[in-house]
Amino acid sequence: MNRAKRHRSNTRLSILLALALALPSAHSLAAGLRFSLVRTAETETLDAFTVEGGQWTEKAIANHVAVLVEHHAATLLIDTSLGRQVDSQFNSEMPWWDKPLLQYGKVDPVRDQLERAGLRLDRILLTHSHWDHASGLPDFAEVPVWAPYAEIEFSQIATPPAVLPSQFRHKPRWRPVVYEPTPFLGFEESLDLFGDSAVVLVPMPGHTPGGMGVFLTLEDGRRFFFTGDTSWRLEGFTGPKEKFWISRAMVDNDPAQTTAQLRKVHELMAAEPELRVIPAHDERVQRTLGYFPHWIE
Ligand SMILES: [Zn+2]
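All residue numbers here refer to positions counted from 1 along the written sequence of the relevant chain. Owing to the predicted nature of the model, reporting of local features is limited to residues with pLDDT of at least 70; listing and counting of side-chain atom pairs is limited to 80 or more, with chain, interface and lining totals taken over all residues. Side-chain measures were taken over the full set of non-hydrogen atoms in the model, leaving aside hydrogen atoms and water.

- The protein chain goes by Glyoxylase-like metal-dependent hydrolase (Beta-lactamase superfamily II) in an unreviewed UniProt entry, where it is assigned to Pseudomonas fluvialis.
- UniProt positions are given in the numbering used here, feature names are shortened, and annotations may be inferred rather than shown by experiment. The annotation that UniProt attaches to the protein chain under Sequence similarities (unreviewed entry) is "Belongs to the metallo-beta-lactamase superfamily."

## Regarding the overall build of the protein chain
Then step 1. Every helix listed is a DSSP run of H or I at least four residues long, and every strand listed is a run of E at least two residues long, numbered separately from the N terminus. In terms of regular secondary structure, the protein chain is built from 11 helices and 11 strands.
Then step 2. Residues classed as buried in the protein chain amount to 53% of the 297 residues present.
Then step 3. Considering only residue pairs separated by 6 or more positions, the protein chain has 67% of its internal contacts joining residues 24 or more positions apart.
Then step 4. As presented, the protein chain carries roughly 14300 Å² of accessible surface, and 56% of it is formed by carbon and sulfur atoms. Only protein chains enter the accessibility calculation, which uses a 1.4 Å probe; a residue whose area is less than 20% of its type maximum is buried, one above 50% is exposed, and one in between is partly exposed. Residues are treated as being in contact if the distance between any of their heavy atoms lies within 4.5 Å. Accessible surface is estimated by sampling points in the Shrake-Rupley manner with a 1.4 Å probe; for residues, cover comes only from the protein chains shown.

## A word on the packing of aromatic side chains
Then step 1. Paired rings are identified among Phe, Tyr and Trp, the last through its six-membered ring, by centres lying within 6.5 Å, and are further divided according to the angle between planes into stacked (under 30 degrees), edge-to-face (over 60) and tilted (the rest). Scanning the model with the defined rule gives 12 aromatic pairs in all.
Then step 2. Here Phe 187 and Phe 225 contribute two aromatic rings whose centre-to-centre distance is 5.8 Å and whose plane-to-plane angle is 75°, an arrangement assigned as edge-to-face. Within this pair, whereas Phe 187 is found in the loop between β6 (174-177) and β7 (191-192), its partner Phe 225 is found in strand β10 (residues 223-226), the two being separated by 38 residues in sequence. Phe 225 shares its class with Phe 187; the two are buried.
Then step 3. Considering the side-chain rings of Phe 215 and Phe 225, the 3.8 Å spacing of their centres and the 5° angle between planes classify their relative orientation as stacked. Taken together, the positions of Phe 215 in strand β9 (residues 212-217) and Phe 225 in strand β10 put the pair 10 residues apart, joining distant regions of the chain. Across the pair, exposure class does not vary: Phe 215 and Phe 225 are buried alike.
Then step 4. One aromatic cluster in this structure is built from Phe 184, Phe 187, Phe 215 and Phe 225.
Then step 5. Lysine NZ or arginine CZ positioned within 6 Å of the ring centre and within 35 degrees of the ring normal marks a charge as sitting over the ring. A cation over an aromatic ring shows up here: Arg 34 above the ring of Trp 295, its NZ or CZ 3.9 Å from the ring centre.
Then step 6. Its guanidinium or amino end placed over the ring of Tyr 291, Arg 39 lies 4.0 Å from that ring's centre, counting from NZ or CZ.

## Re the coordination of the zinc ion
Then step 1. Metal donors were taken as nitrogen, oxygen and sulfur atoms no farther than 2.8 Å from the ion, or 3.2 Å where the ion is Na, K or Ca. Water is excluded, so coordination may look unfinished. Asp 132 (OD), His 133 (NE2), Asp 229 (OD) and His 281 (NE2) make up the full set of protein donors to the zinc ion, lying at 1.9 to 2.2 Å.
Then step 2. Labels for metal geometry use angle windows, namely 85 to 135 degrees for all angles of a four-donor tetrahedral site, and for square planar (four donors) or octahedral (six donors) sites opposite donors over 155 degrees apart plus all others within 65 to 115; sites meeting none of these are irregular. One can describe the site at the zinc ion as irregular: its 4 donor atoms subtend angles covering 82 to 163° at the metal.
Then step 3. Donor residues for the zinc ion, ordered by position in the chain, follow D-H-x95-D-x51-H. Linking Asp 229 in the loop between β10 and α8 (235-238) with His 281 in the loop between β11 (276-278) and α11 (283-286), this pair joins segments that are 52 residues apart in sequence. Like His 281, Asp 229 is buried.

## With respect to the sheet that holds strand β5 (residues 145-148)
Then step 1. In short, DSSP must find at least two bridges between two strands for them to pair. Reading across from one edge, β1-β2-β3-β4-β5-β6 is the order of the 6 strands in this open sheet, with mixed pairing throughout. Edge positions in the sheet fall to β1 (33-46) and β6, since each of these pairs with one other strand and no more. In this sheet, neighbouring strand axes are inclined to one another by 25° on average, regardless of whether the strands run parallel or antiparallel.
Then step 2. Sheet topology places β1 next to strand β2 (residues 59-71); 13 bridges connect them, and they run antiparallel. The partner of Leu 33 across the bridge, within β2, is His 71. To obtain each axis, a line is fitted to C-alpha atoms, and for helices this fit is confined to the stretch in contact; angles are then taken between N-to-C directions over 0 to 180 degrees.

## Structural notes on the nonpolar core
Then step 1. Counting residues in hydrophobic clusters, the biggest one holds 30 residues, and the most contacted among them are Phe 35, Leu 125, Leu 193, Val 199, Leu 201, Leu 216 and Phe 226.
Then step 2. Where this core is concerned, the elements lending two or more residues are β1, β2, β3 (74-78), β8 (199-203), β9 and β10.
Then step 3. Formed by 24 residues, the second largest nonpolar core is a distinct cluster that contains Leu 77, Val 110, Ala 147 and Trp 295. Working definition of a nonpolar core: buried Ala, Val, Leu, Ile, Met, Phe, Trp, Tyr and Cys residues. They are joined through side-chain atoms within 4.5 Å.

## A short note on unusual backbone geometry
Then step 1. Cis rather than trans, the peptide bond between Pro 160 and Pro 161 has omega equal to 10°.
Then step 2. With respect to the helices and strands, Pro 161 occurs in the loop between α7 (149-157) and β6.
Then step 3. For the peptide bond that leads from Phe 292 to Pro 293, omega is 10°, which places it in the cis range.
Then step 4. Within the secondary structure, Pro 293 is located in the segment after α11.
Then step 5. With phi around 60°, Lys 171 is a residue other than glycine that occupies positive phi space.
Then step 6. Its place among the elements puts Lys 171 in the loop between α7 and β6.
Then step 7. Under the relative-accessibility criterion, Lys 171 is labelled exposed at 67%.
Then step 8. Positioned with a positive phi, Leu 185 is a non-glycine residue whose angle comes to about 45°.
Then step 9. Inspection of the secondary structure puts Leu 185 in the loop between β6 and β7.

## Digging into the pattern of salt bridges
Then step 1. What makes a salt bridge here is a side-chain nitrogen of Lys or Arg within 4 Å of a carboxyl oxygen of Asp or Glu, nothing more. Per the stated rule, a full pass over the model turns up 15 salt bridges.
Then step 2. Across the pair Arg 34 and Glu 297 runs a salt bridge whose closest N-O atoms are separated by 3.8 Å. Of the two residues, Arg 34 is situated in strand β1 and Glu 297 in the segment after α11; the sequence distance between them amounts to 263 residues.
Then step 3. Linked through salt bridges whose partners overlap, the residues forming this network are Asp 47, Glu 58, Arg 233, Glu 235 and Arg 284.

Printed below as a string of structure tokens:
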């Protein structure tokens, strides 16, 4: 082989090598995702109502948010938060004695916020079917809704104040979530939605029978855990601490199972100190992430 030929074949070899090295990073780029908290409203309450041992003299904000997730394979919404019809849902079906505690402020529904930004959804993932998470379902009647069988069934039989039947009257396009026997971060079963560990669903029964937790992992490895209403406050997991006893009796379908979930997440946080746990209503945690149109990426 003369010098020029050898040089050409070396160049070809290094191009091939560079391509081979570039492939894995191209793959992980494709597997990346970004997410944004879409805040629809807030409820002003007392610290004591939100967590065991909370202060009676201190105010607390309970946020109402949905989580918008952009993955290269699909655009997802975790929960729907308060929707366009929340006032009529709330006024016609919420028992009067529950209304003062659950009252919310001015609402900017997710559908309105997405339309203003020109965004569309492919799927909804429901952490649970309580009214403040399912209120926007009729706004997205055309979008498939993913939830475990146990939760779909619960949404059909549960009664106010937890579940408001009017939110399901349009007959959501349910897609049952069936977990696989694949352990994930202390959970015995899981469902890796896209096969790239970016969006992983885990069962969290307790607050409701088919409650679901969602792990989101960014391309750089930062991992976020959306725990629905297993606890309303991060202190529920770091403690671990229960909800205030009246709230607990009012909203937790299976209190003992809910306690077991609190302990599980408590242990997970000790084992994975970098993991960011985001309870569905914890304003103090959520404000550190910012709100739509701000993206975490
Ligand atoms: Zn809730």
